[in-house]
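Understanding the architecture of this molecule
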Amino acid sequence: MRSENVLEMQGICKAFPGVKALQNVDFALRKGEIHALMGENGAGKSTLVKVMTGVYEKDAGHIAIEGKPVHFKSPQEAQNSGIGTVYQEITLCPNLTVAENMFIGRGRYAFVQWKQMNARATKLLQSLGIPVRPTQELASCSLAVQQMIAIARAIDMDCKILILDEPTSSLDEDEVNKLFALMRELKSRGVGIIFITHFLDQVYEISDRITVLRNGELIGEYEASSLPQFELISKMMGKALSDVATIKKHEPPATGQRVAVYEAAALSSDAGVRPFDFSIQKGEVNGFIGLLGSGRSESARAIFAADKPTGGDIKMNGTSVKIRAPLHAMKQGIGYLPEDRKGDGIIAELSVRDNIILALQVMKGFFKPFSRKQAEAFSNQFIQSLNIKTPSANTPIKALSGGNQQKVILARWLLTKPEYLILDEPTRGIDIGTKVEIQKLVLKLAEDGVSVTFISSEIEEMLRTCSRLIVMKDRQIVGELSGMNLTQSDVMHVIAGGGV
Amino acid sequence: MSIAKAKAQGTQLFLPLSVLAILIVINLIKGADYFSMSVINGALYGNIPNILFGASELVILAIGMTLVSASSRGQDISVGVAGAITSAVFVQVLLNSGNITWLTIGLSFLVSCAVGIAIGAFNGSLVAIFKVQPMVATLILFTAGRSIAFMIDGKLSPVLANDLTSQLGGVIPGVPIQTPIILTVLFIAVVALFIKTTNLKLYAESVGINEKAARLNGIDPAKIKFLTYMILGLCSAVAGFIAVTKAGRHDSVNILKFVEMDAILAVAIGGNALSGGTFSIAGSIIGAYTIEVLSRTLLRLEVGTETIKAFKAAFIIVLMIIASPVVRAYAAKALRWVRSRMHEGIVLDTGALEAAAASNPNAPAKKEE
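Rules used in this analysis
- Residues numbered from 1 in each chain as written.
- Chains lettered and ligands numbered in written order.
- Predicted model: local features only at pLDDT ≥ 70, side-chain atom pairs only at ≥ 80, totals over all residues.
- Heavy atoms only, no water.
- Axes fitted to C-alpha atoms, helices over the stretch in contact; angles between N-to-C directions.
- Helix = DSSP H or I, 4+ residues; strand = E, 2+ residues; numbered from the N terminus.
- Parallel < 35°, antiparallel > 145°, perpendicular 65-115°, else oblique.
- Left-handed = near helix turned anticlockwise from the far one by under 90°.
- Contact = heavy atoms within 4.5 Å.
- Nonpolar A, V, L, I, M, F, W, Y, C, P; charged D, E, K, R; others polar.
- Salt bridge = Lys/Arg side-chain N within 4 Å of Asp/Glu carboxyl O.
- Buried < 20%, exposed > 50% of the residue type's maximum accessible area, 1.4 Å probe, protein only.
- Pairing = 2+ DSSP bridges.
- Buried area = accessible area lost by both parts, 1.4 Å probe.
- Phe/Tyr/Trp six-rings, centres within 6.5 Å; stacked < 30°, edge-to-face > 60°.
- Lys NZ or Arg CZ within 6 Å of the ring centre and 35° of its normal.
- Disulfide = S-S within 2.5 Å.
- Patch = residues over 30% accessible without salt bridge, like charges linked within 9 Å, V, L, I, M, F, W, Y side chains within 5 Å.
- Areas by Shrake-Rupley, 256 points an atom, 1.4 Å probe, with all protein chains shown as cover.
- Lys, Arg positive; Asp, Glu negative; His and termini not counted.
- Charge placed at Lys NZ, Arg CZ, Asp CG, Glu CD.
- Domains from an automatic or database assignment.

To continue, consider the packing of helix α4 (residues 79-95) of chain B against helix α11 (residues 221-247) of chain B. Residue and element names in this part refer to chain B. Orientation of α4 relative to α11, taken along the N-to-C sense of each, is 60°, at an axis distance of 7 Å. Here α4 lies oblique to α11, going by the angle between them. Crossing hand, α4 versus α11: right-handed. Of the residues in α11, those touching α4 at Val79, Ala82, Gly83, Thr86, Ser87, Phe90 and Val91 are Leu232, Ser236, Ala237, Gly240, Phe241, Val244 and Thr245. Looking at side-chain class alone, the contact of α4 with α11 contains 8 nonpolar, 6 polar and no charged residues.

Here it is in structure tokens:
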């Protein structure tokens, strides 16, 4: 056992009914290193972290911290042994102050010593370079700062091991840089950091070593500097990455034969989008692009009437129609995959089957339920064709990994055979393999004549799939880019205000 | 029905069914003649018919309560007084209709059903449109309802003294089973048919689990909540009808008294979450009968009528603790531990796991079904 290893896990096994989540996995974290834990959804990353932090009990294997064997029975025990965890969703209280959030639930006394608490918070925040006052309300801080405060809280508990689970997924670039600076600072203090993310560039920017898991098995441990990105991806996916390169953009039909499937004039909604004109041709893939908060999601929601419409003239295939509620949009052949999968997409406790048939069933009507057999046939068809990994069609959707949940929602809309499909962030928080599958699917749909509006915060992805980009800023359309030679700098230029 | 679904239902029904089994065993120990029935005036009497007879109203209300809980994530505490009002309407319409025939009884019943649905619509609009908390919304009627029923009565306890209504509340000559039992079975059949031929279950569950997502799939959550409250209103009317024909007079103070809490309890014992979402009506029905069996068991054990409520409460507390997720998690953990001891040395492959799963204690529940 190497003395510099602060955490050592050997031969970890963990099984759930029907699934072997971890099989004989080894993992070692050195003092003062940033170690990326990589793998697709369902590879076993979260299970490994949960075993590490005492949330799950391991079936077999050994865990040692600084050479001493440990056996955690609860997350509290893990915390006391110096393991701090910061999850993707910030689990702080927004209506308390920064200092309160840092020390909440930690006092050994019945009374809070405000002065002492604030002084200690100030010191800690300063030493970590987090630019907030301890008496500030947490809600007034940006997401990145909140994330950092969550980390500060973990650090103050005197942690030797810090686990960051997707800490950057809701941060912008500038905020990510701040977070990275903090991580480097901690690293120099000797904290071992486990970093889980889907952003490959970030992995290379900050990690020293990379451990790759796939299907619950350890693929290997590598020095970040000696593992090219392409190789990392193929290790994660278990297949050569030629696939990603073969995605070919669909060519929209020539101008002469174009038919506008959907056309809106001065469309607006009560979510605060300024009235905008928008249209999409048959078989076209276009996208709303812009920064978070630019109104790209709100525009998509306005088309589907997901937010209450406040105005606009809509034509489907040249005929005037009224779309006042989601059901109207569905009946016109529009499908909408929402940005917030958990909040707006899945019906968590219902089965995969019910989740798949839901939209089509609602379109068919309240008094016309599908027979059990028919529903089975529909769901099995998509479980197979989209390769949805689920123990059965009866499994509640909440038991599936994020990527597979997303596929279920996709299946739901594909089943309605839409003419026009709106996909808002279909690839967020899911693994590369599924991302590629979804992008391919979008292009395949377009070839079959379905129009698709695709929204993603990864510009590359949009450039790869869309033939026309509508650039948004401050809740209005500021430009439009098309042609087969869209580039990232074009988009940046428009967002920055240069016009087309 | 696929195996997985049957298994899931089996787990949900495991608790109420095993409680029923325990209660029956207690009764059998007390006296082996528990199941014996006798024929009096051409109808069956005995412990089992008495339970089915006594639980009629509760079963019907529990069905509606299940739907309301599922869709609106809250409970309607006005079901008892709603039944008091609808049965008062039934009695008044019937007594004022001149002669009492099957036709006038049927019409009066339909009028009372319409009133029940209207009450449901009132509660439903408060919950679905004005987004008032279900318990607060129904508290209004809970408070005012019995006075309204009293005003409808006009005088103290109008009496239904005629053969036809007492046949409805008792036995129709030539039919060996007491009428309320038959009415309850009919009602269950109608509900089952309605659920089978509509998407009520899918819609109500979707709305209860994730209202926003349901809306984005074209469901109107307000409509569904409204509908479930109207159905519960109808259930109240049917329960009120049965209660008043059983009693033979309308006592606005005591009819269906305290039934709302038992109805909620039946839903919970049936393994349904009171916080909405997936539900099993079968569970609630079994839960309702369980409550009735419990009351009668305590009576049979010669617990005094004054103290019976305390014993009932104690029993239910134990039951709820056993069914709580905390205890369940411990039980699952203990089970895994036992299993891992049993399979020590055997390679832990899926086959072994499934074999272990097959031997888990939920299996007996399926046998009982």
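What follows concerns the pattern of salt bridges. Residue and element names in this part refer to chain A. Evaluated as defined, the whole model comprises 26 salt bridges over all chains. The salt bridge partner of Glu66 is Lys160, with a shortest N-O separation of 3.5 Å. Within this pair, whereas Glu66 is found in the loop between β4 (60-65) and β5 (68-70), its partner Lys160 is found in the loop between α5 (143-156) and β7 (161-165), the two being separated by 94 residues in sequence. A salt bridge links Arg189 to Glu185, with the nearest nitrogen and oxygen atoms 3.1 Å apart. The partly exposed category is assigned to Arg189, whose relative accessible area is 41%.

Let's shift gears to the sheet that holds strand β19 (residues 468-473) of chain A. All names here are of chain A. Here 6 strands make up an open sheet; going across it, the order is β16-β17-β18-β13-β19-β20 and the pairing mixed. Unpaired on one side and paired on the other, β16 (334-337) and β20 (476-482) mark the two borders of the sheet. Along the sheet, successive strands turn relative to each other by an average axial angle of 15°, direction set aside. Here strand β13 (residues 285-289) runs beside strand β18 (residues 451-455); their pairing, made up of 2 bridges, is parallel. Note that in β18 the partner of Val285 across the bridge is Val452. Along the sheet, helix α16 (residues 432-447) makes contact with β13, β17 (420-424) and β18, crossing β18 at roughly 155°.

Here we take up the interface of chain B and chain A. Each partner contributes to the interface: chain B provides 30 residues, whereas chain A provides 40 residues. Buried surface at the junction of chain B and chain A, both sides included, amounts to about 2600 Å², of which 61% is carbon and sulfur. Counting the surface chain B buries against chain A, the share from its top three residues, Leu202, Leu216 and Asn217 of chain B, is 26%. Counting across the chain B and chain A interface gives 2 salt bridges. Between Asp344 of chain A and Lys212 of chain B there is a salt bridge, with its nearest N and O atoms 3.5 Å apart.

Another point: the sheet that holds strand β11 (residues 260-269) of chain A. All names here are of chain A. Within the open sheet, the 4 strands sit side by side as β12-β11-β14-β15. Their pairing is antiparallel. Because the sheet does not close on itself, it has two edges, and the strands there are β12 (276-281) and β15 (319-321). Neighbouring strand axes in the sheet, compared pairwise and without regard to direction, differ in orientation by 20° on average. Bridge count between β11 and β12: 5 bridges; the pairing is antiparallel. Across the sheet, Ala260 pairs through a bridge with Gln281, a residue of β12. Where helix α10 (residues 296-304) meets the sheet, it contacts β11 and β12, and its direction lies at approximately 110° from that of β11.

With the rule as written, the count across this model stands at 14 aromatic pairs over all chains. Seen from their ring centres, Tyr262 of chain A and Phe278 of chain A are 6.2 Å apart, and the 55° between their planes marks the pair as tilted. Here Tyr262 of chain A, found in strand β11, pairs with Phe278 of chain A, found in strand β12; they are 16 residues apart in sequence, far enough to count as distant. The pair Tyr262 of chain A / Phe278 of chain A is uniform in exposure class, with both members buried. Taking the centre distance of 5.0 Å and the plane angle of 85° together, the rings of Phe90 of chain B and Phe241 of chain B count as edge-to-face. Separated by 151 residues along the polypeptide, Phe90 of chain B in helix α4 and Phe241 of chain B in helix α11 bring together distant segments of the chain. The ring of Phe279 of chain B is capped by Lys201 of chain B, whose NZ or CZ atom sits 4.2 Å from the centre of that ring. Over the ring of Phe53 of chain B we find Lys246 of chain B; its NZ or CZ atom is 4.4 Å from the centre of that ring.

Our next topic: the state of the cysteines. Under the defined criterion, the tally for this structure stands at 0 disulfides over all chains. Not engaged in a disulfide, the cysteine Cys159 of chain A finds its nearest cysteine sulfur in Cys93 of chain A; these two sulfurs lie 20 Å apart. This cysteine, Cys113 of chain B, is not joined by any disulfide, and Cys235 of chain B carries the nearest cysteine sulfur, 9.9 Å off. Taking the relative accessible area as the measure of exposure, Cys113 of chain B reaches 7% and is therefore buried.

Okay, a negative patch on the surface next. Residues Asp172, Glu173, Asp174, Asp201 and Glu205 of chain A make up a contiguous surface patch of negative charge. With respect to the helices, strands and loops of the structure, Asp174 of chain A is situated in helix α6 (residues 173-188).

Per the domain assignment, the segments of chain B are domain 1 (16-323) and domain 2 (328-357). Just the C-alpha atoms count here: the centres of domain 1 of chain B and domain 2 of chain B sit 42 Å apart.

On to the packing of helix α3 (residues 56-72) of chain B against α11 of chain B. Residues and elements named next belong to chain B. Packing of α3 against α11 brings their axes to within 8 Å, and their N-to-C directions diverge by 170°. With respect to their mutual orientation, α3 and α11 come out roughly antiparallel. Residues belonging to the contact of α3 with α11 are distributed by class as follows: 14 nonpolar, 6 polar and 3 charged.

Another aspect to go through is unusual backbone geometry. Phi angles above zero are rare outside glycine, and Ala305 of chain A is one such case at about 60°. Relative to the helices and strands, Ala305 of chain A resides in the loop between α10 and β14 (309-316). The class of Ala305 of chain A is buried, set by a relative accessible area of 2%. With a phi angle near 60°, Glu302 of chain B is a residue other than glycine that sits in the positive phi range. Residue placement: Glu302 of chain B occurs in the loop between α13 (281-300) and α14 (308-323). With relative accessibility at 63%, the residue Glu302 of chain B sits in the exposed group.

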